[in-house]
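One letter stands for each residue in the lines below.
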Amino acid sequence: DQQVKQNSPSLSVQEGRISILNCDYTNSMFDYFLWYKKYPAEGPTFLISISSIKDKNEDGRFTVFLNKSAKHLSLHIVPSQPGDSAVYFCAASARGMDGANSKLTFGKGITLSVRP
Amino acid sequence: GAGVSQSPSNKVTEKGKDVELRCDPISGHTALYWYRQRLGQGLEFLIYFQGNSAPDKSGLPSDRFSAERTGESVSTLTIQRTQQEDSAVYLCASSSPDRVYEQYFGPGTRLTVT
């Protein structure tokens, strides 16, 4: 039962262009969403997050958009750089009333390749 | 400062043996998580420790899996009578009290059960 889905396993874009990574979720209790980036042989690193009370969060070249009605979020990277080539995981959490449990549910990841 | 460290980085064991994986979280991080990633899959939550609260063990796949944490420091994940389906990368993460969702991951332990 995949509660967080990243349906495209890979994406290839030209350097300088926009990368759009998509993520869908099924659990309406999720209220916090994150993107992690992972290089081979390393653990994932936190990239950007968004609360369900917002629909957009921007940090430099990275912007996350949330569409709650569609249960969909996306990560935009612009301009894309070769160093962005990595696996990107979408993750979600259902914090609940007291925010006590922060365990994350992850998608399967998408491999981004940025061509020079 | 030092990040999350895990040992060993690689472990090959025979089916039926017990293994113990170690995680050293970032100092001051009260929350500690164990996840695993099997080939071609996303990260799968296993267990979560938060301060002195009872751990959330809801992700442990069977009673062969257990984990302990000493205070707010080292954690060990133990897998008894390993099976081939236990082969995966086991990842540990920690987070600070004020930013619990920004989890800092270690490099993982790659477990191969033959």
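Scroll up to find the structure this text is about.
What this report covers is the structure whose coordinates are included nearby. (Residues numbered from 1 in each chain as written. Chains lettered and ligands numbered in written order. Predicted model: local features only at pLDDT ≥ 70, side-chain atom pairs only at ≥ 80, totals over all residues. Heavy atoms only, no water.)

### Structural notes on the sheet that holds strand E1 (residues 5-7) of chain B
Residues and elements named next belong to chain B. What the four strands build is an open sheet, ordered E1-E3-E7-E6; its pairing is antiparallel. Each edge of the open sheet is held by one strand with a lone partner, namely E1 and strand E6 (65-69). Across this sheet, the average inter-strand angle for adjacent strands is 15°, counted without regard to direction. Of the strand pairs in this sheet, E1 and strand E3 (residues 19-24) are connected by three bridges, and their pairing is antiparallel. (Pairing = 2+ DSSP bridges. Helix = DSSP H or I, 4+ residues; strand = E, 2+ residues; numbered from the N terminus. Axes fitted to C-alpha atoms, helices over the stretch in contact; angles between N-to-C directions.)

### Comments concerning the nonpolar core
One finds A:Leu21, A:Phe33, A:Trp35, A:Leu73, A:Leu75, A:Ile77 and A:Tyr88 to be the most contacted residues of the largest nonpolar core, which totals 24 residues. Those elements that place two or more of their residues in this core are strand E3 (19-25), strand E4 (32-38), strand E5 (45-51), strand E7 (62-67), strand E8 (72-77), strand E9 (86-93) and strand E11 (110-115) of chain A. In terms of residue count, the dominant contributor to this core is E9(A) (four residues). In this structure A:Leu75 touches A:Ser19, A:Ile20, A:Leu21, A:Trp35, A:Leu47, A:Ile48, A:Phe62, A:Thr63 and A:Tyr88, once residues within four positions along its chain are discounted. Counting residues in each nonpolar core, the second largest holds 20 residues, with B:Leu21, B:Ile26, B:Phe49 and B:Ile79 among its members. (Core = buried A, V, L, I, M, F, W, Y, C linked by side-chain atoms within 4.5 Å. Buried < 20%, exposed > 50% of the residue type's maximum accessible area, 1.4 Å probe, protein only. Contact = heavy atoms within 4.5 Å.)

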